[in-house]
Structures are given as C-alpha cells and as structure tokens.
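# Structure at a glance
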Amino acid sequence: FHSFIFILGQEAGINGTEFNVPMTPVYTIGPHPGVPQVHPPPPAGFLPPQVPMGMPELDRPLGCPPGLQYLTQVDQLLVHQKVELMEVLMGWETNNQYVIKNSLGQQVFFAAEEADCCSRVVCGPLRSFQLHIHDNMGQEVMTLSRPLNCSSCWLPCCLQELEVQSPPGSPIGFVMQSWHPFLPKFMIQNERREPVLKIVGPFCDCKCCSDVNFEVTSLDESSVIGRISKQWSGFEAEAFTDADNFGLQFPKDLDVKIKAVILGACFLIDFMYFEHTPNQE
C-alpha cells in the first residue's frame, strides 16, 4: 500500500507564490504513516531466483562471422542429439534437434532441423533439410542446407553435399562427398569452393561397443589434424533410438570458418550413416 505525497517545496517559511515563481511539484512514493508493513514469510524450501551462467562475451576477431567468435577459443566440441519420444514409441521420424557443448559440458549452440513431414517419411535419412543453429541468446548464427541427392556409390555425378552459411545467407564453406567404392570420403571447401581438408571414414561404420572415427586430414591424406567421432551410446540407446553423440576435435588455431564447416560435416555424417532405427528398417 502506497500513497502519493505532494511536496510544495517551501523554504524558510517563504511562500514562493509571493514572488510569482511557479513551483514544480515533486512526487515521492512511501508507505502510509504509522502503518507497519507486514511481509509474509517465504514458503518452506523457497530459493531466490538464480541468475543462469551464460557463456562469456568475446570480442569478434577480424574476419569471424557474427556469433562464431566462441569457436576461435576451442579445439573440441560435443554434439548430443535429443531423444524424441515419438520416435522411440511409434517409430515416426521427427525433426532432429541437437545440443552443441564445449569440453566442460556447457551449451554453446542449439541446432534444430527444418524439414517437411513428407520428406521425413518418404526420403528418410536421404531427405533435404535446413538446419538452423542458434546461440544461447536465441540468435541464428549458422544455417546448414542439404539438397536432395542420391546416395548410391554407383552414381558419382550426384553425391551428397552441404552448404554452410554464417550469417544465414552468406556461404562460408561446403562439405562435398567424394566418390570412393567402399570408403566414406568428403572434401571440406572454403567459401570460394577451394579444397581445404578431407574427411576419411572407416570401411565399416557399424562398430559394437566402440566409437566410429572419421579422420580430418590434409588434402594428400598424409597427416591427421582432427577427428569426428560417433560415440558409442550403449546397447539400449543404439537399439531403440537414432539419437547419437559425436565428439569433434580440430586445431585451436584453425580458421573459424573451417571449424564451422567441420561442424556441418558432423551433421551430414549423422544423417548419412547413423540416422537409422530398427523401426525404419
């Protein structure tokens, strides 16, 4: 309960109206005089609101797309696909969602797929899609675009590809599948479509109780500079869901745009080789 108190502002007993000086009214807010203020005690177990711990604000280096400055500080990322209840119970394919974290388990980005129901049902893991990646403030910092292409190794003219944009609408790199009769291979390209790195996967992408590693190599494949690892999630998770966990490693001083393209390659690899459930099969 509050009341407005109007103060006329007299000084030393002199009335300002005697000098025809207009007085500006001043308002203050206060409790009723003589009325004690009673506040009920908080309920048992009450905790004051906690301020969430966010990622520290970092200055954006020259040439770094907006929102990707945090990638300049890390050499590892963890990608966790969220388990969708509808997929587990009914086997219906839904839009994928991912949480991207740093090595300390702190969320850095959140990724959400945009694909229509017909594409998910008819085309399955071959479907075209757009993947929107947001930072912790909800700002979209990356967009991944995958067209509908063939996956057969006997049709090298129409292989898989992924375009990485940051900010959305501005391409910063591409992931292009390279033809090989039995090995998964990809080319990492910059915004000018110039080859920068390669990704080479194993002969068999299905390993029980162990990780599946895709090595990030130099163009001549003589040196390994990073890795995309599909981590073993346990028998139950592997058998009944297609929610996968990935670990990414790359040099800390690698161009931030190429780091973003490697992150995009992780999602393309997930759709191509691990987006299968027993219900779909």
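Residues numbered from 1 in each chain as written. Predicted model: local features only at pLDDT ≥ 70, side-chain atom pairs only at ≥ 80, totals over all residues. Heavy atoms only, no water.

Moving on: the overall build of the protein. The helix and strand inventory of the protein stands at four helices and 14 strands. Taken over 281 residues, the protein has a buried fraction of 39%. Within the protein, counting contacts between residues at least 6 apart in sequence, those at least 24 apart form 43% of the total. Accessible area for the protein stands at about 16400 Å²; split by element, carbon and sulfur atoms hold 60% of it. (Helix = DSSP H or I, 4+ residues; strand = E, 2+ residues; numbered from the N terminus. Buried < 20%, exposed > 50% of the residue type's maximum accessible area, 1.4 Å probe, protein only. Contact = heavy atoms within 4.5 Å. Areas by Shrake-Rupley, 256 points an atom, 1.4 Å probe, with all protein chains shown as cover.)

Attention now goes to the environment of Arg227. With respect to the element layout, Arg227 can be found in strand β13 (residues 224–231). Through-space distance from the C-alpha of Arg227 to that of Ile262 is 9.3 Å; in sequence the pair is 35 residues apart. In contact with Arg227, not counting residues within four places along its chain, are Asn213, Phe214, Glu215, Val216, Gly247, Leu248 and Gln249. Polar contacts involving the side chain of Arg227 include one to the side chain of Glu215, which spans 3.2 Å. (Polar contact = N/O pair within 3.5 Å; in protein donor to acceptor, adjacent residues only side chain to side chain.)

With that settled, consider the environment of Ser229. Mapping Ser229 onto the fold places it in strand β13. In this structure, Ser229 is in contact with Val212, Asn213, Asn245, Phe246 and Gly247, ignoring residues within four places of it in sequence. In terms of polar contacts, Ser229 uses its side chain to reach the side chain of Asn213, at 2.7 Å.

What follows concerns the side chain of Ser166. Among the structural elements, Ser166 can be located in the loop between β8 (161–165) and β9 (171–178). In this structure the side chain of Ser166 is engaged in a polar contact, spanning 2.7 Å, whose partner is the backbone oxygen of Val141. In this structure Ser166 touches Pro65, Pro66, Leu68, Val141, Met142 and Ile172, once residues within four positions along its chain are discounted.

Another point: the sheet that holds strand β3 (residues 76–81). In spatial order, the strands read β3-β4-β5-β6-β7-β8-β9-β10-β11-β12-β13-β14; together these twelve strands close into a barrel with antiparallel pairing. For this sheet the average axis-to-axis angle between neighbouring strands, irrespective of direction, equals 20°. In this structure, β8 lies alongside β9, joined through five bridges in antiparallel fashion. Bridge pairing links Val164 to Gly173 in β9. Where helix α4 (residues 256–274) meets the sheet, it contacts β3, β4 (97–101), β5 (107–114), β6 (129–135), β7 (140–146), β8, β9, β10 (185–190), β11 (195–200), β12 (212–217), β13 and β14 (245–249), and its direction lies at approximately 40° from that of β9. (Pairing = 2+ DSSP bridges. Axes fitted to C-alpha atoms, helices over the stretch in contact; angles between N-to-C directions.)

The full count for this structure, using the stated rule, is eight aromatic pairs. Ring geometry for Tyr98 and Phe267: centres 4.8 Å apart, planes at 70°, overall edge-to-face. One end of the pair, Tyr98, is in strand β4; the other, Phe267, is in helix α4, with 169 residues separating them in the sequence. Phe267 sits in the buried class, given a relative accessible area of 1%. For the pair Tyr273 and Phe274, a centre-to-centre distance of 6.5 Å together with 65° between the ring planes defines the contact as edge-to-face. You can call Tyr273 buried: its relative accessible area is 17%. (Phe/Tyr/Trp six-rings, centres within 6.5 Å; stacked < 30°, edge-to-face > 60°.)

With an omega of -10°, the peptide bond running from Ser166 to Pro167 counts as cis. In this structure, Pro167 sits in the loop between β8 and β9. A positive phi angle is found at Arg193, which is not glycine, with a value near 60°. Here Arg193 is to be found in the loop between β10 and β11. In this structure Arg193 comes out as partly exposed when scored by relative accessible area, which is 43%. One non-glycine residue, Glu221, lies in the positive phi region at around 60°. Tracing the backbone through its elements, the reader meets Glu221 in the loop between β12 and β13.

Time to look at the nonpolar core. Among the nonpolar cores identified, the biggest contains 50 residues, and Leu68, Ile228, Leu248 and Phe267 are the most heavily contacted of them. With 15 residues, α4 is the largest single contributor of residues to this core. Residues in contact with Leu68, not counting those within four places in the same chain, are Phe109, Val141, Met142, Ser166, Ile172, Val256 and Ala260. (Core = buried A, V, L, I, M, F, W, Y, C linked by side-chain atoms within 4.5 Å.)

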